[in-house]
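A structural walkthrough
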Amino acid sequence: MRRRRILSYLLVIWVTFLLAFPLTSAFASSKVYHIPIHNEVERGLHAFLERAFKEAEENYAEAIILDIHTPGGFVNAAGDIAMLMDATDIRTIAYINKDAHSAGAFLALHADEIYMVPNGTIGAAAVIDSAGNAADLKAHSAWVAQMEAAAETKKRKPIYARAMADASVDLPEFRAGKGNLLTLSASEAEKVGYSEGTVSNFRDLLKATQLNGSDIVPIEPTFAEKLARFITNPIIVPILLSIASLGLVVELYSPGFGVSGIMGLSALGLFFFGHMVAGLAGYETLLLFIVGLALVIAEFFVPGGIVGILGGVLILLSLILAGANMMQMIIAIFIALVVAIIGMVILMKFFGKKLHVLNKLVLMDATTTEEGYVSNVNRTELLGKVGTTITPLRPAGTMLFGNERIDVVSEGGYVDAEKHVEVIKVEGSRIVVRQTEKEMEE
């Protein structure tokens, strides 16, 4: 009886302990992170995935499901994302929820498992340059090798990965004869081992992967990450820099500081914000830009031009260092400079604007006649007066007006002495005369 009472007490204590301190680590279901890879693959996406993978690792996730629907993107960004996938010990599953083309196919091949929806496709992975043309042989060769390596690492036949990136591979049975890139349907991908199975929806995927009892943790990009993805897009970067350059140019032609200046600085602020969120630029890059801007402003107060030139160089350097690709940034800056020059020409030629900022850099005052300045006595009172030549005019000579001898120049030809001449033009010390039949005034 006593033993039973002791066991009852122990049971009550144990249940109380469980209620007070639940053993979540022992009984909680495993976590599966559901991460989207939608739209273009670019550096902003890499920053988002880096955060998502880190969070999954910190929470000891059982698996990461990459929900892929993308037309492709940029090779350098895809390479960095692939490194994230290769570095993690967590099980990675590519769920091709429609299309995984180009860089999307490359990322899917780096996953441990691939599942596709019935109307999904994977392939069409030729590398192209920023102008939309086929890349040079060097870039093409490197990309094909990376596609094959991704397939081989996950025990998939590399010939199909090569055919996705190289149109010279002949696979007519999959509509990929010579000259055509390989794109596999869901059933074809499963047939050649590029898919572990075809699933109708996400719930079916969890069942097929034996994860249907897990806690699903959806990860979505924050507003800042979405903005960073938009801003760091290589198509948006030159547009943003062009807006900045045009706004600042208009501000130079305007008195004071107004809307155009705010627009220009805001565009630059967005540029650095997006690239810092994406992990492309650090505070040192922003500091370099601020120092350059400070030197350009100091040029208004320090004569010589050296300070302004140094500031401009630092600004350009900060923009180049902030970008994902140096050549793309140089092209973007060149486009922005061209837009700025066109804006300056339009403002000067069509709107008659003057560069107000030069008022502080250049002495704008002029000693013009209109302002009352003369370099010598201007004898405008002689206009229309008649005098007599004392010496022949060849064409220069001397005339007599009243009792005053005046050095003059004839309008054109020779004028003999003792001839009447009329003053027709006065240009400072130069007095032009013409022979006349008028009588000399007394």
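I will try to describe carefully the structure that is included in this document. Note that the structure is a prediction, hence the values are computed from the model and not measured.

**Thoughts on the overall build of the protein chain**
The helix and strand tally for the protein chain stands at 15 helices and 13 strands. A burial count over the protein chain gives 40% of its 442 residues as buried. A separation of at least 24 residues holds for 61% of the contacts in the protein chain among residues at least 6 apart in sequence.

**Details of the side chain of Glu-225**
Locating Glu-225 in the fold gives a position in helix α10 (residues 223–231). A relative accessible area of 9% places Glu-225 in the buried class. Within polar-contact distance, the side chain of Glu-225 engages the side chain of Arg-51 at 2.6 Å. Not counting chain neighbours up to four residues away, the residues in contact with Glu-225 comprise Phe-48, Arg-51, Glu-220 and Val-277.

**What to know about the packing of aromatic side chains**
If you walk through the whole model with that rule in mind, you get six aromatic pairs. Both rings, one in Tyr-160 and one in Phe-174, keep their centres 6.0 Å apart while their planes meet at 85°; by these two values the pair is edge-to-face. Here the residue Tyr-160 occupies a position in helix α7 (residues 158–165), and Phe-174 occupies one in the loop between α7 and β6 (183–185), the gap between them amounting to 14 residues. The exposure class assigned to Tyr-160 is buried, which follows from its relative accessible area of 13%. For Phe-174, a relative accessible area of 6% translates into the label buried. With 5.2 Å between their ring centres and 85° between their planes, Phe-271 and Phe-272 make a pair best called edge-to-face. The same class applies to Phe-271 and to Phe-272, which are both buried. These aromatic residues form a ring-pair network of at least three members: Tyr-160, Phe-174 and Tyr-194.

**Overview of a nonpolar patch on the surface**
On the surface, Met-326, Met-327, Ile-330, Ile-331, Phe-334, Ile-335, Val-338, Ile-342, Ile-346 and Phe-350 cluster together into a nonpolar patch covering about 970 Å² of accessible area. Within the element layout of this structure, Ile-330 appears in helix α15 (residues 326–349). Judged by relative accessible area, which is 37%, Ile-330 ranks as partly exposed.

**Some words on the packing of helix α3 (residues 43–58) against helix α4 (residues 75–87)**
Between α3 and α4, the least distance of the axes is 9 Å, while the angle of their chain directions is 10°. If you check the angle between α3 and α4, you find them roughly parallel. Here Arg-43, Leu-45, His-46, Leu-49, Glu-50 and Phe-53 of α3 lie close against α4, whose contacting residues are Ala-77, Asp-80, Ile-81, Leu-84 and Met-85. Here the contact of α3 with α4 is built from residues that sort into seven nonpolar, one polar and three charged.

Basis of the calculations
All chains use their own residue numbering, which begins from 1 and follows the written sequence. Only residues with pLDDT of at least 70 get local features here, since the model is predicted, and only at 80 or more are side-chain atom pairs given and counted; chain-wide, interface and lining totals rely on the full set of residues. Derived side-chain values reflect all non-hydrogen atoms in the structure, with water molecules and hydrogen atoms excluded from consideration. Secondary structure elements follow DSSP: runs of H or I no shorter than four residues count as helices, runs of E no shorter than two count as strands, and numbering proceeds from the N terminus. Relative accessibility thresholds used throughout: buried, under 20% of the residue-type maximum; exposed, over 50%; partly exposed, between the two (1.4 Å probe, protein chains only). The contact definition used throughout considers only heavy atoms, calling two residues in contact when any of these lie within 4.5 Å. In protein, a polar contact means a hydrogen-donor-capable atom and an acceptor-capable atom, both N or O and within 3.5 Å, with residues adjacent in sequence counting only if both atoms are side-chain atoms; elsewhere, any N or O pair within 3.5 Å suffices. Here a Phe, Tyr or Trp ring, Trp counted by its six-membered ring, pairs with any other such ring whose centre lies within 6.5 Å, and the pair is stacked when the planes are under 30 degrees apart, edge-to-face when over 60, and tilted otherwise. Exposure above 30% relative accessible area and the absence of a salt bridge qualify a residue for a patch, where like charges join within 9 Å and nonpolar side chains (Val, Leu, Ile, Met, Phe, Trp, Tyr) within 5 Å. The Shrake-Rupley method, run with a 1.4 Å probe, gives the accessible areas here. Residue values count only the displayed protein chains as cover. Any Lys or Arg side-chain nitrogen located within 4 Å of an Asp or Glu carboxyl oxygen qualifies as a salt bridge. Lines fitted to C-alpha atoms define the axes, with helix axes restricted to the stretch in contact, and inter-axis angles between N-to-C directions lie between 0 and 180 degrees. Under this scheme an angle from 65 to 115 degrees is roughly perpendicular, one under 35 degrees roughly parallel, and one over 145 degrees roughly antiparallel; angles in between are oblique. Amino acid classes used here: Ala, Val, Leu, Ile, Met, Phe, Trp, Tyr, Cys and Pro are nonpolar; Asp, Glu, Lys and Arg are charged; the rest, including Gly, are polar.

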